[in-house]
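Observations on the three-dimensional arrangement
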Amino acid sequence: MCRAERERSETRERESRKRWVVMGLKTLGESRVEKLKSSMVSRPRMKLWMIRATTSVLLWTCLVQLTALGDMWGPRVLKGWPSCFSQDSSALDLKLSHTAPARVLPPKRVYKNNGYLMVSCNGGLNQMRAAICDMVAIARYLNVTLIVPELDKTSFWADPSEFQDIFNVDHFITSLRDEVRILKELPPRIKRRVELGMIYTMPPISWSDISYYHNQILPLIQKYKVVHLNRTDARLANNGQPINIQKLRCRVNYSALKFTSQIEELGKRVIRLLRENGPFLVLHLRYEMDMLAFSGCTQGCSSEEVDELTRMRYAYPWWKEKIINSDLKRKDGLCPLTPEETMLTLKALDIDHNMQIYIAAGEIYGGDRRMASLAEAYPKLVRKETLLEPSDLSFFQNHSSQMAALDYLVALESDIFVPTYDGNMAKVVEGHRRYLGFKQTILLDRRFLVDLIDQYNGGSLNWDEFSSAVKATHAYRMGNPTKRLVIPDRPKEEDYFYANPEECLQPSDEMLSSI
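Every chain begins its residue count from 1, and numbering advances along the sequence as written. At least 70 in pLDDT is required for a residue's local features to be given in this predicted model, at least 80 for side-chain atom pairs to be given and counted, and no such filter applies to totals for whole chains, interfaces and linings, which use all residues. Just so you know, side-chain values use all the structure's heavy atoms and leave hydrogens and water out.

**Here's the deal with the pattern of salt bridges**
For clarity, the cut-off: Salt bridge, as used here: a side-chain nitrogen of Lys or Arg that lies within 4 Å of a carboxyl oxygen of Asp or Glu. Here a strand is any run of E in DSSP of at least two residues, a helix any run of H or I of at least four, and the numbering for each starts at the N terminus.
The full count for this structure, using the stated rule, is 28 salt bridges. A salt bridge links Arg251 to Glu179; the nearest nitrogen and oxygen atoms lie 3.5 Å apart. A residue pair is termed long-range when its members are at least 10 positions apart, and Arg251 in helix α9 (residues 243-256) and Glu179 in the loop between α6 (169-175) and β3 (182-183) qualify at 72 residues.

This is the structure we're talking about:
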């Protein structure tokens, strides 16, 4: 009996264990199924998340690329979109995009770069302007990369202006990209070479033919990779150059070299103020202290002023001529006309006494005392300082080249331009006015004039005789079409290319028939 009970108890125990095993297996199976189900659900979610993340990254990358290309695409793609930040500015940008289409850039010229050309210009604004034109032509001919020229900061005027303070540097670079590659600075690798002294610096020979640069300068560039020309005035000959070189010099001067928008706008305002009161004559009265000290011309100056000018001439070592006979130089026509001589000349040429006369110059030496006779004969004398408010010119103070740029713009637009000395501004403006359609420029024959003036002041000529002689002398000195005077082996004495760039001029048949 006891045995039977034990057997029944063992049987119940085995059945109980079986039930627990089955329940455990069932529970284990259910958990695995649940895990499998959850894994099957989570994988699509993970894929979806990864797709969304990848798409977001791609969208942001595209947006960054579009922003980086803002100059090209911004006006049409980005700036035209509605903005949650400034609806007014977005509307303005969209309006501008329709009224001012983007300027079409010339295609880049592709060529093997022979090296890099750095240049440091010397002199005043217009001397440097002509030099920049020469250097672009040279760089193009040598197939090198030109670095934006450095302007003179150590001359008498001590103007700290950089290239981009006077000229529109971006326009300069892009407008010439079909001719020559121009960079604002050297590439980093080349710049490090220069910092280590791996550069060749030299002044090129004055009035050189383009073949000099090919035979002498190009090998140096190929050897050193970078050549620095530390003087640039009159370094390319006036005549005998390939026609493409001459035309490129003109293109740089009359198209690529634009002044900054600030200078352009102020120049337009001065011209508008003058036009409101009728026609005007620009008088480039080169009678500043530095001009008189440099030239040694002291006609009409007191003994104290003569001593002051002489001391100044000796103070500057780069002004090589020290002992100067003012009277002999004046009789040779090598001195600027004085304000008094200028007044007599303008009257003799029958310039209307009611004509506005804009003085394009710095401070006249001797001030009101020397300007008195001219102001009496022509009471409508004006200067930029009298037409504009001091605040308008405050930015230009102590920046003589920027001031000269204003005068340059006004001189181009004047009805008549009269320089009293054939300096760089007189010559470059003369040539530019020829390019603009042979606008009237009275080129004074100073040697003949001072002789006539002395005869008139001495009583040898009456007024009618004096006036008739002045007008007869200048009848064909009004900026008419003419050939440049070429003097072989004496380039300083021949006509300056930039005063008469005849290769770039297109006179009418009527003008040609009068030559």
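Having seen the model, we can carry on.
**Topic: the side chain of Lys329**
This is how the line gets drawn: Buried, partly exposed and exposed residues are distinguished by accessible area as a fraction of the type maximum, computed with a 1.4 Å probe on protein chains only: under 20%, between the cut-offs, and over 50%, respectively.
Considering the arrangement of structural elements, one finds Lys329 in helix α13 (residues 326-331). For Lys329, a relative accessible area of 15% gives the class buried.

**Description of helix α8 (residues 210-224)**
Threshold: Given the number of residues in a helix, its expected span is that number minus one, multiplied by 1.5 Å. Bend is the name given here to the angle between axes fitted to two runs of seven residues, the run ending at a residue and the run starting at it.
Spanning 15 residues, α8 covers 20 Å between terminal C-alpha atoms, matching the ideal 21 Å at 1.5 Å per step. Of all the bends in α8, the greatest reaches close to 40° and is centred on Ile217; the proline Pro219 follows between one and four positions later. Where α8 is concerned, the buried positions are Ile210, Tyr212, Tyr213, Ile217, Leu218, Leu220 and Ile221.

**Here's the deal with the state of the cysteines**
Here is the rule: Cysteine sulfur atoms are paired as a disulfide whenever they come within 2.5 Å of each other.
Scanning the entire structure with this criterion turns up two disulfides. Through a disulfide, Cys250 is tied to Cys504; the S-S separation comes to 2.0 Å. Looking along the S-S bond of the Cys250-Cys504 disulfide, the torsion reads about 85°, which is the right-handed sense. Residue Cys250 is located in helix α9, and its partner Cys504 is located in the loop between α21 (463-473) and α22 (509-513); the two are separated by 254 residues in the primary sequence.

**Some thoughts on the sheet that holds strand β6 (residues 280-284)**
For the record, the criterion: Two strands make a pair as long as DSSP finds a minimum of two bridges between them. Only heavy atoms matter for contacts: two residues are in contact if any of them lie within 4.5 Å across the pair. Interaxial angle, 0 to 180 degrees, is taken between N-to-C directions of lines fitted to C-alpha atoms, where a helix line uses only the stretch in contact.
Here we have four strands laid out as an open sheet, ordered β8-β7-β6-β9, and parallel in their pairing. Two strands close off the open sheet at either side, each with one partner strand: β8 (381-382) and β9 (416-419). Taken strand by strand, helix α10 (residues 261-275) contacts β6, β7 (356-359) and β8, and its axis lies near 155° from that of β7. Where helix α18 (residues 400-413) meets the sheet, its contacts fall on β6, β7 and β9, and the angle it forms with β6 comes to roughly 135°.

**Some thoughts on the pairing of β9**
Side chains Ile416 and Val418 of β9 all project onto a buried face; the interleaved residues Phe417 and Pro419 project onto the opposite face, where all are buried too. Relative to β9, β6 runs parallel, the two being bridged by four bridges. Within the sheet, the bridge partner assigned to His284 lies in β9 and is Pro419.

**Observations concerning the confidence of the model for the chain**
The condition is simple: Note: pLDDT gives the predictor's confidence per residue, expressed from 0 to 100.
Predicted confidence across the chain gives a mean pLDDT of 85, with 78% of residues reaching 70 or more. Here residues 66-98 is modelled with pLDDT under 50, and outside its nearest four sequence neighbours on either side it reaches 15 contacts, counting other chains as well. Of the regions scoring below 50 in pLDDT, residues 509-515 engages in five contacts with residues more than four places distant in sequence or in other chains.

**Things to note about a positive patch on the surface**
To keep it simple, the criterion reads: Like-charged residues within 9 Å of one another, or nonpolar side chains (Val, Leu, Ile, Met, Phe, Trp, Tyr) within 5 Å, are grouped into patches, provided each residue has over 30% relative accessible area and no salt bridge. Method for areas: the Shrake-Rupley scheme with a 1.4 Å probe, in which residue coverage is limited to the protein chains shown. For this count, His and the chain ends are skipped, Lys and Arg are scored as positive, and Asp and Glu as negative. Charged groups are reduced to one reference atom each: NZ for lysine, CZ for arginine, CG for aspartic acid, CD for glutamic acid.
Judged by side-chain charge, Lys112, Arg189, Arg192 and Lys225 come together as a positively charged surface patch. Mapped onto the fold, Arg192 is located in helix α7 (residues 188-195).

**Considering the environment of Phe156**
Positionally, Phe156 belongs in the loop between β2 (145-147) and α5 (163-166). Put simply, Phe156 and Gly124 are 32 residues apart on the chain and 8.9 Å apart in space, counted from C-alpha to C-alpha. For Phe156, the residues in contact, after removing those within four places along its chain, are Asp290, Met312, Tyr316, Trp318 and Trp319.

**Description of the packing of aromatic side chains**
Heads up, the condition is: Only rings of Phe, Tyr and Trp enter the pairing, Trp through its six-membered ring, and a pair is recorded when the two centres are within 6.5 Å. The plane angle decides the type: under 30 degrees is stacked, over 60 is edge-to-face, the rest tilted.
Tallied over the entire structure, the rule returns 15 aromatic pairs. Look at Tyr254 and Tyr435: their rings are 4.2 Å apart centre to centre, the planes differ by 20°, and that puts the pair in the stacked class. Within this pair, whereas Tyr254 is found in helix α9, its partner Tyr435 is found in helix α19 (residues 424-435), the two being separated by 181 residues in sequence. When its relative accessible area of 39% is taken as the criterion, Tyr435 is described as partly exposed.

**Describing the pairing of strand β1 (residues 116-119)**
The criterion, for reference: Crossovers are described as right-handed under a simple rule: with the strands pointing away from the observer, the path leading from the first strand over the helix to the second runs clockwise.
Pairing of β1 with β2 involves two bridges; the strand directions are parallel. Across the sheet, Leu117 pairs through a bridge with Leu146, a residue of β2. Of the crossover connections in this fold, the one passing from β1 over helix α4 (residues 125-142) to the parallel β2 is right-handed. In this structure, β1 lies alongside strand β5 (residues 226-229), joined through four bridges in parallel fashion. Counterpart to Tyr116 in the pairing with β5 is Val226.

**As for the packing of helix α14 (residues 339-348) against helix α15 (residues 367-377)**
Two packed helices can be described by the angle between their axes and the distance between those axes. Here is the rule we go by: Should an angle fall under 35 degrees it is called roughly parallel, over 145 degrees roughly antiparallel, and 65 to 115 degrees roughly perpendicular, with every other angle called oblique. Helix crossings are classified by the rotation of the near helix relative to the far one: an anticlockwise turn of less than a right angle makes the crossing left-handed, while a clockwise turn makes it right-handed. Residue polarity follows a fixed list, in which Ala, Val, Leu, Ile, Met, Phe, Trp, Tyr, Cys and Pro are nonpolar, Asp, Glu, Lys and Arg are charged, and the others, Gly among them, are polar.
Running from N to C, α14 and α15 point in directions that differ by 20°, and their axes come no closer than 7 Å. As summarised for this structure, α14 and α15 are arranged roughly parallel, according to the angle between their axes. As α14 packs across α15, the resulting crossing turns out to be left-handed. Every residue of α15 that contacts α14 at Pro339, Glu340, Met343, Leu346 and Lys347 is listed here: Arg370, Met371, Ser373, Leu374 and Ala377. A breakdown of the residues in the contact of α14 with α15 according to their chemical character gives six nonpolar, one polar and three charged.

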